[in-house]
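Architecture at a glance
Here's the letter readout for the chains.
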Amino acid sequence: MTEEILSAVNGQVFGVWFLIGAALVFWMQAGFAMVEAGFTRAKNTGNILMKNLMDFCIGTVVFILVGFGLLLGEDMAGLIGKPGIDIFTNYAEFDWSNFVFNLVFCATTATIVSGAMAERTKFLSYCIYSAVISAVIYPIEAHWIWGNGWLSRIGFHDFAGSCAIHMVGGISALIGATLLGPRIGKFVRDKSGKITKVNAFPGHNLPIGCLGVFILWLGWYGFNGAAATSVDQLASITLTTTVAPAIATVVCMIFTWIKYGKPDVSMCLNASLAGLVAITAPCDVTDCLGAAAIGAVAGLLVVFGVWLLDYKLRVDDPVGAVAVHCLNGIWGTISVGLFATASAPGNDSVVGLFYGGGLRQLGIQFVGFASVAAWTAVTITIAFLLIKACVGLRVSEEEEIVGLDAKEHGLASAYSGFSIMDVSNTMTMDINENTDLGTYDYENASEIQRDAAVPVVSQADFSTGIHKVVIIAKLERYDKLKKAMNNLGVTGMTVTQVMGCGIQKGAGEMYRGVEIDATLLPKVKIEVVVSKIPVKDIVEAAKEALYTGHIGDGKIFVYNVAHVVKIRTGEEDYAALQDVE
């Protein structure tokens, strides 16, 4: 009797955990929205949030009508589930928990595609292909794996969806981004059309992107662990789901540090997700060592994937969806045949090559990967081509430049009340071959070189005896300039941080393996009003402080000041300046 009671309680507990896990997977939609929004430009944030919302909402509608039956309906020849409407006709006996659980997984597949096609896809087109994925493409291949279809019968193992969800979403993303084409300014072409340079578009809000990664990591404990059938199995799954992304992130950090000179923030965030994707299929059948090895490969694979798309395939993927989900979905699927071990709780049948299982399971995993990949590639290509022919996939050039928030949704900005500036490579200026003046020491530079580096624009006729000098300089030269002004006796200055667009670009910093062209650079504007101190002394001291031997070191403007009033004392003109120069 005691065993029966414990068994009943245990069943109830895991039934509740199953639904909690589903809720965690649903919460991952917020994570995807944050990652995609943070890794793209501010002018498209509202569009991205809307797409991630509609992924789930449209997915729910079509999953009720079509998808659930195709996935878990009565099996028909191992290929497809029998469509039905039991949710309406036989609600009392309907499997509510299974419906909700599979619905949230279905919505995840469509969400993956959004990131790779961000910032240039028509919203209507997005809604259509999201519905197609949720209604047909995902349910049928998932039936093969989880609905007693032909792959499950031959022993194919994908516990939580490296293949069924992430690889399918990643392949769809790759094909969609390829057909859609890159964002304006991503690739620079010469007159013959050959790509000569890849431009980086840094994400506008990495804190939001990072928050999204942590939300996804938390949700992944439900993603991988919700289907566990014992406490031991749940604990083991939680361990492997923690180890793999942690190792992936550390490996990525070390690799980017060595390769690019500094650890890449956004790439490491992608690496965390890559490790999670890779461990999703084998999370229940591998051990800690296997999880570490899987994560290490994932950390390198995500960097390789971003490089491959940018420099070889020339496919623009703003958030790294293909590198994270496609490549690591494939890797996670294959890794079952390498790292599965009978020592994992609840596993006594799936054993990989490195644990004495031979090549059998590895071969089965390859069959599953190839068949699902082929199904996905064919069906999503047909869907995209039909959408492109009927309503079009891509927005106009004007819509893309202005931003999809304004053009697709009538939203002035997702950040109402904030001034948003698009500091991207759509405003690139070429470096003049004569930018380097050849002499880097001010004392040895000729007057022509000094004037070229820091030109002076004077609108003063020196008739008033009071002048305003405005100096635009690079931020890093401010301290030296301030000391030079103090040495002349100037103690009253107005200092403003500004952004400047000019010939000089920032140092060659790397973002996701691509050198950044920062055409809008942080500058400092210093304003000084003088009467007693000669203007020429101010100008000479400023030129010497700013000079580095390059065109664009700074600029100086000189103006007449007609009248000055000191508010505190009422003093005017010359007298008003005596204690501030």
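Structure: see above.
Residues numbered from 1 in each chain as written. Predicted model: local features only at pLDDT ≥ 70, side-chain atom pairs only at ≥ 80, totals over all residues. Heavy atoms only, no water.

1. Focus on the packing of helix α2 (residues 45-72) against helix α4 (residues 96-116)
Note the following rule: Axis definition: a line fitted to C-alpha atoms, limited for helices to the stretch in contact. Angles are taken between N-to-C directions and run from 0 to 180 degrees. Only DSSP runs of H or I reaching four residues or more are called helices, and only runs of E reaching two or more are called strands; each is numbered from the N terminus. Note that the term roughly parallel is reserved for angles under 35 degrees, roughly antiparallel for angles over 145, roughly perpendicular for angles of 65 to 115, and oblique for everything else. By convention, the crossing between two helices is left-handed when the near helix turns anticlockwise from the far helix through less than a right angle, and right-handed when the turn is clockwise. Residues count as neighbours in contact if any of their non-hydrogen atoms are within 4.5 Å of one another. Each residue is assigned to one of three groups, with Ala, Val, Leu, Ile, Met, Phe, Trp, Tyr, Cys and Pro labelled nonpolar, Asp, Glu, Lys and Arg labelled charged, and all others, Gly among them, labelled polar.
Two elements in contact, α2 and α4, have axes separated by 8 Å at closest approach and are oriented at 125 degrees. Put simply, α2 runs oblique to α4. As α2 packs across α4, the resulting crossing turns out to be right-handed. Across from Lys 51, Asn 52, Asp 55, Phe 56, Gly 59, Thr 60, Phe 63, Ile 64, Phe 68, Leu 71 and Leu 72 in α2, the residues of α4 making contact are Asn 98, Phe 99, Asn 102, Leu 103, Val 104, Cys 106, Ala 107, Ala 110, Thr 111 and Ser 114. Looking at the contact of α2 with α4 residue by residue, the class counts come to 12 nonpolar, seven polar and two charged.

2. Points about the layout of surface pockets
Stated formally: Here a cavity denotes grid points, spaced 1 Å and computed from the protein atoms alone, that fit a 1.4 Å probe unable to get out, and a pocket denotes an open set having protein on both sides within 12 Å along at least 5 of 7 lines; residues with an atom within 4 Å of a point are the lining. Grid points are joined across faces, edges and corners, and a volume is the space filled by probe spheres set on the points.
Roughly 390 Å³ of internal volume is contained in the second largest pocket. Lining the second largest pocket are 19 residues; nearest its centre among them are Phe 101, Trp 146, Asp 158, Phe 159 and Ala 227. Counting residues per element, the ones that place at least two in the lining of the second largest pocket are α4, α5 (123-146) and α8 (206-225). A total of four residues in the lining of the second largest pocket trace back to one element, the largest contributor, which is α4. The residue inventory of the lining of the second largest pocket, partitioned by class, reads 12 nonpolar, six polar and one charged.

3. Remarks on unusual backbone geometry
Stated precisely, the cut-off is as follows: Burial status follows relative accessibility: with a 1.4 Å probe on protein chains alone, a residue under 20% of its type maximum counts as buried, one over 50% as exposed, and anything between as partly exposed.
The backbone of Ala 77 shows a phi angle near 65 degrees, a positive value even though the residue is not glycine. Structurally, the position occupied by Ala 77 is in the loop between β1 (75-76) and β2 (80-81). With phi around 80 degrees, Glu 119 is a residue other than glycine that occupies positive phi space. The topology assignment puts Glu 119 in the loop between α4 and α5. The class of Glu 119 is buried, set by a relative accessible area of 0%.

4. Here we look at the side chain of Glu 527
Formally: Whenever a nitrogen or oxygen atom comes within 3.5 Å of another N or O atom, the pair is scored as a polar contact, on the condition that within protein one atom can donate a hydrogen and the other can accept it, and that pairs from neighbouring residues in sequence are kept only if both atoms are in side chains.
Tracing the backbone through its elements, the reader meets Glu 527 in strand β10 (residues 520-530). In this structure Glu 527 comes out as buried when scored by relative accessible area, which is 18%. Here Lys 468 takes part through its side chain, which lies 2.9 Å from a polar atom of the side chain of Glu 527. Leave out the neighbours within four places in its chain, and Glu 527 touches Lys 468, Val 469, Val 470, Gly 492, Met 493, Thr 494 and Thr 496.

5. Details of the packing of aromatic side chains
In plain terms, the rule: Here a pair means two rings of Phe, Tyr or Trp (six-membered ring of Trp) with centres within 6.5 Å. Their orientation is stacked below 30 degrees between planes, edge-to-face above 60, and tilted elsewhere.
Within this structure, the stated rule accounts for 20 aromatic pairs. When the ring of Phe 68 is compared with that of Phe 99, the centres are 5.3 Å apart and the planes differ by 70 degrees; the resulting orientation is edge-to-face. One end of the pair, Phe 68, is in helix α2; the other, Phe 99, is in helix α4, with 31 residues separating them in the sequence. A residue is classified by how much of its surface remains accessible, and Phe 68, at 13% relative accessible area, is buried. Residue Phe 99 is classed as buried on the basis of its relative accessible area of 9%. An angle of 35 degrees between the planes, with centres 5.9 Å apart, marks the rings of Phe 304 and Trp 307 as tilted. Note that Phe 304 and Trp 307 are positioned in helix α11 (residues 288-313) at a spacing of three residues, about one turn of the helix. Note on Phe 304: relative accessible area 40%, which makes it partly exposed. By relative accessible area, which is 32% here, Trp 307 ends up partly exposed. Joined through ring pairs, the aromatic side chains of Phe 18, Phe 101, Phe 105, Trp 220 and Phe 223 make up one cluster.

6. Points about helix α18 (residues 535-546)
The test is simple: In a helix, the anticipated span is given by 1.5 Å times the number of residues less one.
A rise of 1.5 Å per residue sets the reference length of α18, with its 12 residues, at 16 Å; its end C-alpha atoms lie 17 Å apart and thus fit the reference within 8%. Along α18, the residues classified as buried are Val 535, Ile 538, Val 539, Ala 541, Ala 542, Lys 543, Ala 545 and Leu 546.

7. Looking at the pairing of strand β4 (residues 195-198)
Successive residues of a regular strand alternate their side chains across the two faces of the sheet. Definition in use: Only strands joined by at least two bridges in the DSSP assignment are considered to pair.
Strand direction decides the pairing type here: strand β3 (residues 187-189) and β4, joined by three bridges, are antiparallel. If you follow Val 188 over to β4, its bridge partner there is Lys 197. Hairpin geometry of β3 and β4 is characterised by an intervening segment of five residues between the two adjacent antiparallel strands and by a positive phi of about 95 degrees at Gly 193.

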